[in-house]
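Below, each chain spelled out in residue letters.
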Amino acid sequence: MKKFLALVLVLLMSVTVFSCTKKIEYNDAKDLSHKYLDALRSADGDVLFEAARLKNQKQIEKEDFQRSLTQTIKKLGEFKEGKDEKFEYIENTFVLSSEDRFDYRMVTSIIELDKSGSLNNAYFMLKEPICEDNDDFKEESFILDNDGAKMYGALTIPKDFTSKKVVFMMQGSGPQDMDETVGISGNKPFKDLAHGLAKHGVATLRIDKRYVNNAPKDYTVDEEVLSDAKLAIEELKKDSRFDDVYVLGHSLGAMLAPRVAKDEGLKKVAMLSASTMKFTDIIYTQQMEYLDSGEVSQSVADFQKKEITKIKEQIDNMTEKTKGNFFSMPASYVYSVNQVNPVEDIKASDFDVFIGHGSKDFQVKKDEFEKFKKALGDRGLVIYNLYDGLNHLMMPEDSNEFSVEIYDKPNHVSQLVIDDLAEFFK
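In what follows, the accompanying structure is described. Since this is a predicted model, take the numbers as computed values, not measurements. Counting restarts for each chain, with residues numbered from 1 along the sequence as it is written. Side-chain atom pairs in this predicted model are given and counted only at pLDDT of 80 or more, local residue features only at pLDDT of at least 70, and totals for whole chains, interfaces and linings cover all residues. Just so you know, side-chain values use all the structure's heavy atoms and leave hydrogens and water out.

**Examining the sheet that holds strand β6 (residues 149-158)**
Strand pairing in a sheet takes place through backbone hydrogen bonds and is either antiparallel or parallel in direction.
Stage number 1. One open sheet accounts for eight strands, arranged β5-β6-β8-β7-β9-β10-β13-β14; its pairing is mixed. Among the strands making up the open sheet, the edge pair consists of β5 (137-146) and β14 (382-387). Each strand of the sheet is rotated relative to its neighbour by a mean of 20 degrees, with strand direction disregarded.
Stage number 2. Residues count as neighbours in contact if any of their non-hydrogen atoms are within 4.5 Å of one another. With axes taken as lines fitted to C-alpha atoms, and helix axes fitted only over the stretch in contact, angles between N-to-C directions fall between 0 and 180 degrees. Runs of H or I in DSSP of at least four residues are treated as helices and runs of E of at least two as strands, each being numbered from the N terminus. Contacts from helix α4 (residues 189-198) reach β5, β6, β7 (165-170), β8 (203-207), β9 (244-250) and β10 (268-272) within the one sheet, and its direction differs from that of β8 by about 160 degrees.
Stage number 3. Here helix α6 (residues 252-264) sits on the sheet and contacts β7, β9 and β10; the angle it forms with β9, its principal contact strand, is near 150 degrees. At least two bridges found by DSSP between two strands are what make those strands a pair.

So, in C-alpha coordinates, the structure goes:
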(Lines give C-alpha, C1' and ligand atoms only; values in the text may rest on other atoms or scores of the structure.)
Protein backbone atom coordinates (compact mmCIF):
# COMPACT_ATOMS: atom_id res chain seq x y z
CA MET A 1 0.00 0.00 0.00
CA LYS A 2 1.24 3.51 -0.74
CA LYS A 3 2.17 5.28 2.49
CA PHE A 4 1.15 8.91 2.70
CA LEU A 5 3.37 11.26 4.70
CA ALA A 6 1.25 14.35 5.23
CA LEU A 7 -1.39 13.99 7.91
CA VAL A 8 -4.24 14.87 5.58
CA LEU A 9 -7.57 13.25 6.33
CA VAL A 10 -10.13 13.04 3.49
CA LEU A 11 -13.79 12.90 4.51
CA LEU A 12 -15.49 13.44 1.14
CA MET A 13 -15.23 10.09 -0.62
CA SER A 14 -16.32 10.71 -4.20
CA VAL A 15 -15.98 8.65 -7.37
CA THR A 16 -16.98 9.68 -10.87
CA VAL A 17 -17.57 7.88 -14.18
CA PHE A 18 -19.41 8.77 -17.36
CA SER A 19 -21.73 6.82 -19.62
CA CYS A 20 -23.57 7.44 -22.89
CA THR A 21 -26.00 4.51 -22.77
CA LYS A 22 -29.78 4.81 -22.56
CA LYS A 23 -31.65 5.96 -19.48
CA ILE A 24 -32.40 3.39 -16.78
CA GLU A 25 -35.95 2.92 -15.52
CA TYR A 26 -36.85 5.09 -12.51
CA ASN A 27 -37.61 2.21 -10.13
CA ASP A 28 -34.50 0.31 -11.19
CA ALA A 29 -32.40 3.41 -10.50
CA LYS A 30 -34.04 3.74 -7.10
CA ASP A 31 -33.28 0.13 -6.20
CA LEU A 32 -29.65 0.52 -7.31
CA SER A 33 -29.31 3.73 -5.31
CA HIS A 34 -30.53 1.98 -2.16
CA LYS A 35 -28.03 -0.83 -2.74
CA TYR A 36 -25.18 1.68 -2.95
CA LEU A 37 -26.50 3.64 0.02
CA ASP A 38 -26.41 0.48 2.13
CA ALA A 39 -22.85 -0.13 0.94
CA LEU A 40 -21.82 3.42 1.82
CA ARG A 41 -23.33 3.21 5.30
CA SER A 42 -21.57 -0.10 6.00
CA ALA A 43 -18.24 0.81 4.31
CA ASP A 44 -18.61 -1.99 1.75
CA GLY A 45 -15.81 -1.01 -0.59
CA ASP A 46 -16.25 -4.06 -2.83
CA VAL A 47 -19.71 -2.97 -3.95
CA LEU A 48 -18.80 0.69 -4.45
CA PHE A 49 -15.48 0.00 -6.16
CA GLU A 50 -17.17 -2.25 -8.71
CA ALA A 51 -20.14 0.09 -9.14
CA ALA A 52 -17.85 3.02 -9.86
CA ARG A 53 -16.05 0.93 -12.50
CA LEU A 54 -12.66 1.52 -10.95
CA LYS A 55 -11.23 -1.93 -11.66
CA ASN A 56 -9.32 -0.95 -14.79
CA GLN A 57 -8.16 2.52 -13.78
CA LYS A 58 -4.80 3.37 -12.18
CA GLN A 59 -5.67 6.34 -9.99
CA ILE A 60 -6.54 4.37 -6.87
CA GLU A 61 -6.03 0.77 -5.80
CA LYS A 62 -8.95 -1.16 -4.32
CA GLU A 63 -7.12 -1.53 -1.00
CA ASP A 64 -6.59 2.24 -0.76
CA PHE A 65 -10.20 2.85 -1.76
CA GLN A 66 -11.40 0.60 1.07
CA ARG A 67 -9.03 2.24 3.52
CA SER A 68 -10.36 5.70 2.66
CA LEU A 69 -13.94 4.51 3.05
CA THR A 70 -13.20 2.79 6.38
CA GLN A 71 -11.54 5.94 7.74
CA THR A 72 -14.55 7.97 6.67
CA ILE A 73 -16.92 5.67 8.56
CA LYS A 74 -14.70 5.82 11.65
CA LYS A 75 -15.43 9.53 11.82
CA LEU A 76 -19.12 8.69 12.08
CA GLY A 77 -19.36 5.41 13.99
CA GLU A 78 -21.95 2.74 13.22
CA PHE A 79 -25.09 3.55 11.24
CA LYS A 80 -28.21 3.76 13.42
CA GLU A 81 -31.13 5.04 11.35
CA GLY A 82 -32.11 7.08 8.33
CA LYS A 83 -35.08 9.38 7.71
CA ASP A 84 -36.42 12.08 5.38
CA GLU A 85 -35.29 10.12 2.35
CA LYS A 86 -35.60 11.75 -1.08
CA PHE A 87 -35.14 10.27 -4.55
CA GLU A 88 -35.14 12.68 -7.50
CA TYR A 89 -34.09 12.94 -11.13
CA ILE A 90 -32.28 16.25 -11.59
CA GLU A 91 -30.42 17.34 -14.72
CA ASN A 92 -29.76 13.82 -16.02
CA THR A 93 -28.79 12.58 -12.57
CA PHE A 94 -30.65 10.30 -10.15
CA VAL A 95 -30.07 11.56 -6.60
CA LEU A 96 -30.87 9.63 -3.43
CA SER A 97 -30.39 11.51 -0.17
CA SER A 98 -31.09 10.48 3.41
CA GLU A 99 -30.72 12.23 6.76
CA ASP A 100 -28.76 9.59 8.67
CA ARG A 101 -27.83 9.12 12.29
CA PHE A 102 -24.56 7.38 13.16
CA ASP A 103 -22.96 6.83 16.57
CA TYR A 104 -21.12 10.14 16.55
CA ARG A 105 -22.69 12.32 13.86
CA MET A 106 -25.74 13.26 11.90
CA VAL A 107 -25.00 13.31 8.16
CA THR A 108 -26.70 13.70 4.83
CA SER A 109 -25.85 10.56 2.86
CA ILE A 110 -25.93 11.05 -0.92
CA ILE A 111 -25.88 8.66 -3.87
CA GLU A 112 -25.78 9.99 -7.44
CA LEU A 113 -26.29 7.88 -10.58
CA ASP A 114 -26.04 9.03 -14.16
CA LYS A 115 -29.04 8.48 -16.43
CA SER A 116 -27.80 5.00 -17.40
CA GLY A 117 -27.61 3.92 -13.74
CA SER A 118 -23.83 4.12 -13.34
CA LEU A 119 -22.56 5.35 -9.98
CA ASN A 120 -21.26 8.91 -10.18
CA ASN A 121 -20.87 9.83 -6.51
CA ALA A 122 -21.28 8.33 -3.04
CA TYR A 123 -20.54 10.58 -0.09
CA PHE A 124 -21.54 12.06 3.27
CA MET A 125 -22.10 15.69 4.24
CA LEU A 126 -21.33 16.16 7.93
CA LYS A 127 -23.96 17.76 10.14
CA GLU A 128 -24.50 18.00 13.91
CA PRO A 129 -22.55 15.78 16.32
CA ILE A 130 -24.25 13.36 18.69
CA CYS A 131 -23.52 15.03 22.01
CA GLU A 132 -22.63 13.27 25.27
CA ASP A 133 -24.05 13.94 28.72
CA ASN A 134 -22.52 12.13 31.70
CA ASP A 135 -21.42 12.70 35.30
CA ASP A 136 -18.34 14.68 34.23
CA PHE A 137 -19.56 16.92 31.42
CA LYS A 138 -22.33 17.83 29.04
CA GLU A 139 -21.84 18.55 25.35
CA GLU A 140 -23.86 21.07 23.37
CA SER A 141 -24.13 21.13 19.59
CA PHE A 142 -22.50 24.24 18.15
CA ILE A 143 -23.05 25.69 14.68
CA LEU A 144 -20.77 28.41 13.34
CA ASP A 145 -22.17 30.34 10.39
CA ASN A 146 -19.49 32.41 8.70
CA ASP A 147 -21.11 34.29 5.84
CA GLY A 148 -23.14 31.23 4.79
CA ALA A 149 -20.43 28.63 5.41
CA LYS A 150 -21.63 26.33 8.21
CA MET A 151 -19.28 24.44 10.52
CA TYR A 152 -20.59 21.98 13.12
CA GLY A 153 -19.00 21.20 16.45
CA ALA A 154 -19.41 20.50 20.15
CA LEU A 155 -19.08 22.74 23.18
CA THR A 156 -18.01 20.56 26.12
CA ILE A 157 -18.96 22.00 29.53
CA PRO A 158 -17.79 20.38 32.80
CA LYS A 159 -20.53 19.55 35.30
CA ASP A 160 -18.32 21.11 38.00
CA PHE A 161 -17.56 24.31 36.12
CA THR A 162 -16.08 26.90 38.43
CA SER A 163 -13.03 27.88 36.37
CA LYS A 164 -15.11 29.68 33.69
CA LYS A 165 -12.27 28.97 31.24
CA VAL A 166 -12.97 27.76 27.70
CA VAL A 167 -10.43 26.60 25.10
CA PHE A 168 -10.95 26.78 21.33
CA MET A 169 -9.22 23.89 19.56
CA MET A 170 -7.51 24.11 16.13
CA GLN A 171 -6.73 20.94 14.14
CA GLY A 172 -3.81 20.03 11.93
CA SER A 173 -3.67 20.22 8.13
CA GLY A 174 -6.32 18.93 5.77
CA PRO A 175 -10.12 18.64 5.90
CA GLN A 176 -10.30 17.54 9.55
CA ASP A 177 -13.47 16.79 11.46
CA MET A 178 -13.96 18.24 14.94
CA ASP A 179 -12.39 15.19 16.64
CA GLU A 180 -9.36 15.17 14.30
CA THR A 181 -10.22 11.51 13.61
CA VAL A 182 -7.31 9.52 12.18
CA GLY A 183 -6.53 5.92 11.21
CA ILE A 184 -8.69 2.90 10.49
CA SER A 185 -9.31 2.45 14.23
CA GLY A 186 -10.84 5.91 14.40
CA ASN A 187 -8.51 7.51 16.97
CA LYS A 188 -9.89 10.89 18.05
CA PRO A 189 -7.21 13.07 19.69
CA PHE A 190 -9.38 16.20 19.98
CA LYS A 191 -12.19 14.23 21.57
CA ASP A 192 -9.67 12.80 24.06
CA LEU A 193 -8.44 16.30 24.87
CA ALA A 194 -11.91 17.82 25.17
CA HIS A 195 -13.22 15.11 27.48
CA GLY A 196 -9.98 14.95 29.46
CA LEU A 197 -9.90 18.71 30.05
CA ALA A 198 -13.59 18.68 31.03
CA LYS A 199 -12.78 16.25 33.83
CA HIS A 200 -10.34 18.89 35.08
CA GLY A 201 -12.99 21.61 34.96
CA VAL A 202 -11.93 23.23 31.66
CA ALA A 203 -14.50 23.76 28.89
CA THR A 204 -13.63 23.38 25.18
CA LEU A 205 -15.05 24.08 21.75
CA ARG A 206 -14.04 21.92 18.79
CA ILE A 207 -15.56 22.35 15.32
CA ASP A 208 -15.14 20.81 11.87
CA LYS A 209 -12.80 22.69 9.58
CA ARG A 210 -14.60 24.61 6.87
CA TYR A 211 -13.65 22.30 3.99
CA VAL A 212 -14.28 18.99 5.73
CA ASN A 213 -17.16 18.42 3.32
CA ASN A 214 -15.83 20.07 0.18
CA ALA A 215 -13.24 22.63 -0.87
CA PRO A 216 -13.37 25.26 -3.63
CA LYS A 217 -10.78 25.46 -6.38
CA ASP A 218 -8.93 28.38 -4.78
CA TYR A 219 -8.79 29.49 -1.16
CA THR A 220 -6.42 30.90 1.44
CA VAL A 221 -5.52 29.89 4.99
CA ASP A 222 -7.70 32.74 6.21
CA GLU A 223 -10.73 31.21 4.50
CA GLU A 224 -9.85 27.65 5.51
CA VAL A 225 -9.04 28.28 9.18
CA LEU A 226 -8.28 31.75 10.53
CA SER A 227 -11.54 33.60 9.90
CA ASP A 228 -13.59 30.73 11.32
CA ALA A 229 -11.37 30.42 14.40
CA LYS A 230 -11.63 34.13 15.11
CA LEU A 231 -15.41 34.15 14.66
CA ALA A 232 -15.81 31.13 16.95
CA ILE A 233 -13.71 32.84 19.61
CA GLU A 234 -15.83 35.98 19.30
CA GLU A 235 -18.92 33.85 19.89
CA LEU A 236 -17.33 32.34 23.00
CA LYS A 237 -16.45 35.80 24.31
CA LYS A 238 -20.15 36.72 24.15
CA ASP A 239 -21.15 33.69 26.25
CA SER A 240 -21.65 34.79 29.88
CA ARG A 241 -20.61 31.35 31.15
CA PHE A 242 -16.97 32.10 30.25
CA ASP A 243 -14.57 34.65 31.73
CA ASP A 244 -11.54 33.71 29.63
CA VAL A 245 -11.11 32.23 26.16
CA TYR A 246 -7.85 30.45 25.28
CA VAL A 247 -6.66 28.54 22.22
CA LEU A 248 -5.04 25.12 21.70
CA GLY A 249 -3.60 24.06 18.36
CA HIS A 250 -2.17 20.82 17.03
CA SER A 251 0.35 20.52 14.17
CA LEU A 252 -0.57 23.18 11.58
CA GLY A 253 -3.25 24.40 14.00
CA ALA A 254 -0.48 24.95 16.57
CA MET A 255 1.44 27.06 14.07
CA LEU A 256 -1.65 29.18 13.43
CA ALA A 257 -2.77 29.46 17.06
CA PRO A 258 -0.37 32.28 18.03
CA ARG A 259 -1.66 34.39 15.13
CA VAL A 260 -5.24 33.88 16.31
CA ALA A 261 -4.33 34.62 19.94
CA LYS A 262 -2.46 37.78 18.93
CA ASP A 263 -5.31 39.09 16.79
CA GLU A 264 -7.97 38.19 19.37
CA GLY A 265 -6.08 39.42 22.43
CA LEU A 266 -6.07 36.03 24.21
CA LYS A 267 -3.99 35.34 27.32
CA LYS A 268 -2.94 31.70 26.78
CA VAL A 269 -1.90 29.55 23.81
CA ALA A 270 -1.07 25.82 23.84
CA MET A 271 0.88 24.40 20.89
CA LEU A 272 1.20 20.64 20.32
CA SER A 273 3.52 19.15 17.67
CA ALA A 274 4.26 22.54 16.11
CA SER A 275 7.05 23.46 13.71
CA THR A 276 9.13 26.59 13.15
CA MET A 277 9.38 25.77 9.42
CA LYS A 278 7.15 27.00 6.62
CA PHE A 279 4.29 24.56 6.06
CA THR A 280 5.45 23.43 2.63
CA ASP A 281 9.01 22.98 3.92
CA ILE A 282 7.58 20.47 6.40
CA ILE A 283 5.96 18.56 3.53
CA TYR A 284 9.17 18.72 1.49
CA THR A 285 11.25 17.44 4.42
CA GLN A 286 8.81 14.60 5.15
CA GLN A 287 8.78 13.45 1.53
CA MET A 288 12.57 13.59 1.16
CA GLU A 289 13.01 11.59 4.38
CA TYR A 290 10.54 9.02 3.11
CA LEU A 291 12.40 8.68 -0.18
CA ASP A 292 15.61 8.08 1.81
CA SER A 293 13.95 5.44 3.99
CA GLY A 294 14.32 2.55 1.54
CA GLU A 295 10.56 2.13 1.01
CA VAL A 296 10.98 2.73 -2.75
CA SER A 297 13.70 1.77 -5.24
CA GLN A 298 16.69 4.07 -5.63
CA SER A 299 15.76 4.96 -9.21
CA VAL A 300 12.24 5.96 -8.20
CA ALA A 301 13.56 7.87 -5.19
CA ASP A 302 16.06 9.80 -7.32
CA PHE A 303 13.39 10.74 -9.87
CA GLN A 304 10.85 11.82 -7.25
CA LYS A 305 13.46 13.83 -5.35
CA LYS A 306 14.15 15.87 -8.49
CA GLU A 307 10.44 16.48 -9.04
CA ILE A 308 9.82 17.44 -5.41
CA THR A 309 12.82 19.77 -5.42
CA LYS A 310 11.46 21.50 -8.54
CA ILE A 311 8.14 22.06 -6.76
CA LYS A 312 9.91 23.46 -3.70
CA GLU A 313 11.91 25.88 -5.85
CA GLN A 314 8.69 27.08 -7.50
CA ILE A 315 7.11 27.60 -4.09
CA ASP A 316 10.14 29.50 -2.80
CA ASN A 317 9.82 31.90 -5.73
CA MET A 318 6.04 32.26 -5.80
CA THR A 319 4.13 35.50 -5.28
CA GLU A 320 0.58 36.26 -4.26
CA LYS A 321 -0.39 36.21 -7.95
CA THR A 322 1.04 32.73 -8.69
CA LYS A 323 -1.47 30.23 -10.08
CA GLY A 324 -1.54 26.44 -10.16
CA ASN A 325 -1.31 23.63 -7.64
CA PHE A 326 1.63 22.68 -5.43
CA PHE A 327 1.74 19.53 -3.32
CA SER A 328 -1.99 19.10 -4.25
CA MET A 329 -2.85 22.54 -2.81
CA PRO A 330 -3.85 25.71 -4.71
CA ALA A 331 -1.17 28.37 -5.01
CA SER A 332 -3.38 30.85 -3.15
CA TYR A 333 -3.36 28.56 -0.10
CA VAL A 334 0.33 27.70 -0.30
CA TYR A 335 1.36 31.34 -0.47
CA SER A 336 -0.91 32.41 2.39
CA VAL A 337 -0.06 29.57 4.77
CA ASN A 338 3.66 30.11 4.21
CA GLN A 339 3.32 33.67 5.47
CA VAL A 340 2.50 32.34 8.93
CA ASN A 341 5.38 32.57 11.39
CA PRO A 342 4.53 31.32 14.90
CA VAL A 343 7.86 32.43 16.38
CA GLU A 344 7.34 36.03 15.26
CA ASP A 345 3.70 36.01 16.43
CA ILE A 346 4.80 34.81 19.88
CA LYS A 347 7.57 37.40 20.09
CA ALA A 348 5.11 40.15 19.16
CA SER A 349 2.70 39.17 21.97
CA ASP A 350 2.68 38.77 25.74
CA PHE A 351 0.40 35.76 26.13
CA ASP A 352 1.45 32.65 28.06
CA VAL A 353 2.63 29.79 25.82
CA PHE A 354 2.66 26.02 26.28
CA ILE A 355 4.79 24.12 23.75
CA GLY A 356 4.42 20.33 23.88
CA HIS A 357 6.15 17.79 21.63
CA GLY A 358 6.48 14.01 21.46
CA SER A 359 9.95 12.48 21.24
CA LYS A 360 8.71 9.89 18.70
CA ASP A 361 7.03 12.37 16.35
CA PHE A 362 8.24 11.33 12.88
CA GLN A 363 6.23 14.04 11.10
CA VAL A 364 7.57 17.05 12.99
CA LYS A 365 10.84 15.92 14.54
CA LYS A 366 11.77 16.89 18.10
CA ASP A 367 14.48 19.12 16.59
CA GLU A 368 11.65 21.59 15.98
CA PHE A 369 10.96 21.65 19.72
CA GLU A 370 14.57 22.70 20.31
CA LYS A 371 14.32 25.31 17.55
CA PHE A 372 11.42 26.96 19.38
CA LYS A 373 13.48 27.14 22.55
CA LYS A 374 16.40 28.70 20.71
CA ALA A 375 14.29 31.10 18.62
CA LEU A 376 12.27 32.37 21.58
CA GLY A 377 15.39 32.73 23.71
CA ASP A 378 14.72 34.66 26.89
CA ARG A 379 11.09 35.41 26.01
CA GLY A 380 9.32 34.66 29.28
CA LEU A 381 5.94 33.05 29.93
CA VAL A 382 6.75 29.92 27.89
CA ILE A 383 6.41 26.34 29.17
CA TYR A 384 8.35 23.68 27.22
CA ASN A 385 7.40 20.00 27.62
CA LEU A 386 9.08 17.22 25.62
CA TYR A 387 7.15 13.98 26.20
CA ASP A 388 9.14 10.79 25.99
CA GLY A 389 7.66 8.08 23.77
CA LEU A 390 4.76 10.10 22.34
CA ASN A 391 4.01 10.49 18.62
CA HIS A 392 2.65 13.38 16.54
CA LEU A 393 -0.82 12.89 18.02
CA MET A 394 0.59 13.03 21.58
CA MET A 395 -0.21 9.33 21.95
CA PRO A 396 2.13 6.58 23.23
CA GLU A 397 4.19 5.04 20.41
CA ASP A 398 6.41 1.95 20.38
CA SER A 399 7.07 1.84 16.62
CA ASN A 400 9.80 3.57 14.64
CA GLU A 401 7.93 3.12 11.35
CA PHE A 402 7.93 6.12 9.03
CA SER A 403 4.24 5.98 8.12
CA VAL A 404 0.89 7.40 9.21
CA GLU A 405 -0.23 3.76 9.42
CA ILE A 406 1.16 3.79 12.98
CA TYR A 407 -2.03 5.68 13.79
CA ASP A 408 -4.17 2.70 12.77
CA LYS A 409 -3.91 0.92 16.11
CA PRO A 410 -6.38 2.05 18.82
CA ASN A 411 -4.77 4.72 20.97
CA HIS A 412 -5.45 7.76 23.13
CA VAL A 413 -3.80 11.05 24.02
CA SER A 414 -1.44 10.68 26.96
CA GLN A 415 -3.05 11.47 30.32
CA LEU A 416 0.13 13.34 31.29
CA VAL A 417 -0.39 15.75 28.39
CA ILE A 418 -4.01 16.31 29.41
CA ASP A 419 -3.02 16.92 33.04
CA ASP A 420 -0.32 19.40 32.05
CA LEU A 421 -2.66 21.27 29.71
CA ALA A 422 -5.35 21.44 32.39
CA GLU A 423 -2.85 22.95 34.83
CA PHE A 424 -1.76 25.47 32.20
CA PHE A 425 -5.29 26.58 31.35
CA LYS A 426 -6.57 26.90 34.91
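**Comments concerning the nonpolar core**
Stage number 1. In this description, a nonpolar core means a group of buried Ala, Val, Leu, Ile, Met, Phe, Trp, Tyr and Cys residues linked to one another through side-chain atoms lying within 4.5 Å. To sort residues, take the accessible area from a 1.4 Å probe on protein chains only and compare it with the maximum for the residue type: under 20% means buried, over 50% means exposed, and anything in between is partly exposed. F168, M170, L193, L248, M271, L421 and F425 are the most contacted members of the largest nonpolar core, which totals 95 residues.
Stage number 2. Grouped together as the second largest cluster of nonpolar side chains are 28 residues, L37, L48, L76 and V107 included.

**What to know about the layout of surface pockets**
Stage number 1. Empty space within the second largest pocket amounts to approximately 290 Å³.
Stage number 2. As for the second largest pocket, its lining consists of 17 residues, and the residues nearest its centre are K188, K191, D192, N411 and H412.
Stage number 3. Elements with a minimum of two residues in the lining of the second largest pocket: α4 and α12 (415-425).
Stage number 4. Residues were grouped as follows: Ala, Val, Leu, Ile, Met, Phe, Trp, Tyr, Cys and Pro as nonpolar; Asp, Glu, Lys and Arg as charged; and all remaining residues, including Gly, as polar. The class makeup of the residues in the lining of the second largest pocket is four nonpolar, nine polar and four charged. Buried and open spaces are told apart on a 1 Å grid over the protein atoms alone, a cavity being a set of points where a 1.4 Å probe fits but cannot get out and a pocket being an open set with protein on both sides within 12 Å along at least five of seven lines. Residues with an atom within 4 Å of a point are the lining residues. Grid points are joined across faces, edges and corners, and a volume is the space filled by probe spheres set on the points.

**Describing the pattern of salt bridges**
Stage number 1. For this analysis, a salt bridge means a side-chain nitrogen from Lys or Arg found within 4 Å of a carboxyl oxygen belonging to Asp or Glu. Across all of its chains, the model carries 33 salt bridges by this definition.
Stage number 2. Of the charged contacts in the structure, one is a salt bridge between D263 and K230, with a shortest N-O distance of 2.7 Å. With D263 in helix α6 and K230 in helix α5 (residues 221-238), this residue pair connects regions lying 33 residues apart in the sequence.
Stage number 3. Relative accessible area serves as the criterion here: at 41%, D263 is assigned to the partly exposed category.
Stage number 4. Its salt-bridge partner being K365, residue E289 comes within 3.4 Å of it at the nearest N-O pair. Taken together, the positions of E289 in helix α7 (residues 279-291) and K365 in the loop between β13 (352-358) and α11 (367-376) put the pair 76 residues apart, joining distant regions of the chain.
Stage number 5. Judged by its relative accessible area of 34%, K365 falls in the partly exposed class.
Stage number 6. A cluster of three or more residues bridged by salt bridges with shared partners is formed by E139, D179, K188 and R206.

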